[in-house]
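Tertiary structure, described
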Amino acid sequence: SIEDQTDERSGLPVHSLYGETRKPTPDMLQGLDVILYDIQDIGARYFTYVSTMALAMEAAGEAGIPFVVLDRPNPIGGVAVQGNVLDPEFSTFVGLYPVPMRHGMTSGELARMYVGEFGVQVDLTVIPVEGWTRAMTFEETDLPWIPPSPNMPSVESAIHYTGTCLFEGTTISVGRGTGMAFQVVGAPWLDPDSLAEAMAAYDIPGVRIEPVSFTPGNPGDGKFDGQESFGVRLTAVDPDYDATLATLALLRETRRMSGENWSWRIAHFDRLAGTDQLREGLEAGRSLQELREGWDEELESFGRLRSSYLLY
């Protein structure tokens, strides 16, 4: 079972790194007339529901079974596209295809792109959402937020997850085991006031950054269970704020302040980042601008690519 396997480089359970990666087998699909995909995504490359969708699409295509996506809104909006574009050499279950960290697409639009650009062959139908526009916030849809996973308690968490998920590849906690998962970043050894002051110097627009303490309880990542941790809390004041930019600054500052307490879960960080260049840049002490060098060009190119597959 994948639940029992351990990643040899990070020491973490493979389940925690990849989720269930197996593609459905022909026996599993025997007797099916159609496969329906009706799952709420959250708009981040790392969230593995769309990877499950891609593998199910491949299996359906191989079995000659039509695949239907019952589309849903992107809860963090369909306008902002942020972060780096994954290097295909780092394709894993937490990022199968070269899309940005925040892709600004719905599941149905991604499915169309998988067929049109990434070689997935299947008889695909996407049933669009009625009444949704790209600039809508989730609150404006009047839909209830039902957490798609235990550590995605709110849209606020989803907005920050597009960046702070990278901390899963470090020793720093993102608040798993609290009601603020992915909205906080901290560890027992950090000084919250100093970290907040250092972050204020970056003047990152669209977010409020405040000192915080939190105590994880039975966290899924095993970090600091029952230990009071200190760091900062992020609050989005603009739904299109760039959480990937804020995370780069936080990675720089928490690494600097952690000293010998810092370590990488190298394989997992690089999988999430979709490259090893980001980790190597942080280790080399590169500036915020240098760390995201080339990202704007990647996003511009992706924007042109995705335009053919947008439905709204």
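The residue count restarts for each chain, going from 1 along the sequence in the order it is written. This being a predicted model, a pLDDT of at least 70 is required before a residue's local features are given, and a value of 80 or more before pairs of side-chain atoms are given or counted; all residues contribute to the totals for chains, interfaces and linings. As a convention, hydrogens and water are excluded, and side-chain values are obtained from all of the structure's heavy atoms.

**Looking at the overall build of the protein**
When its secondary structure is counted, the protein shows eleven helices and eight strands. C-alpha atoms of the protein, sized along the principal axes, occupy 60 × 40 × 35 Å. Each residue is placed in one exposure class: buried if its accessible area under a 1.4 Å probe, protein chains only, is under 20% of its type's maximum, exposed if it is over 50%, and partly exposed if it falls in between. Each of the 312 residues in the protein was classed as buried or not, and the buried ones make up 54%. The criterion used for residue contact is that any of the two residues' heavy atoms lie within 4.5 Å. Considering only intrachain contacts with a sequence separation of at least 6, the fraction spanning at least 24 residues in the protein is 73%. Note that accessible areas follow from Shrake-Rupley with a 1.4 Å probe, and for residues the cover is restricted to the protein chains shown. For the protein, the accessible area works out to roughly 13600 Å², and carbon and sulfur atoms hold 47% of it. Side chains of the protein carry 22 positive and 46 negative charges; the gap between the two charge centres is 2 Å. Here a helix means four or more residues in a row that DSSP labels H or I, a strand means two or more in a row labelled E, and each is numbered from the N terminus. Charge counting follows a simple rule: Lys and Arg are positive, Asp and Glu are negative, and His as well as the terminal groups are ignored. Every charge is mapped to an atom, namely NZ of Lys, CZ of Arg, CG of Asp or CD of Glu.

**Points about helix 4 (residues 107–117)**
The α-helix advances 3.6 residues per turn, and as a result positions three or four apart in sequence lie on the same side. Among all positions of helix 4, only S107, G108, E109, L110, A111, M113 and Y114 are buried. Buried residues along helix 4 sit in contact with strand 1 (35–37), helix 3 (49–63), strand 2 (67–70), strand 5 (124–127) and helix 11 (295–306). Positive phi appears at G119, one or two residues downstream of helix 4, with a value of about 85°.

**So, the sheet that holds strand 8 (residues 229–236)**
At least two DSSP bridges between two strands are required for those strands to pair. The antiparallel open sheet is built from three strands, whose spatial order is 6-8-7. Edge positions in the open sheet fall to strand 6 (184–187) and strand 7 (207–214), since each of these has one partner strand only. Each neighbouring strand pair of the sheet contributes to a mean axis angle of 20°, computed without reference to strand direction. For every element, the axis is a line fit to its C-alpha atoms; helices are fit only across the contacting stretch, and the angle between N-to-C directions ranges from 0 to 180 degrees.

**Observations regarding the confidence of the model for the protein**
Within a predicted model, pLDDT stands for the predictor's per-residue confidence, ranging from 0 to 100. Overall, the predicted model of the protein reaches an average pLDDT of 93, with 93% of residues at or above 70. Below pLDDT 50 for its whole length, residues 1–20 participates in 35 contacts with residues either more than four positions away or in separate chains.

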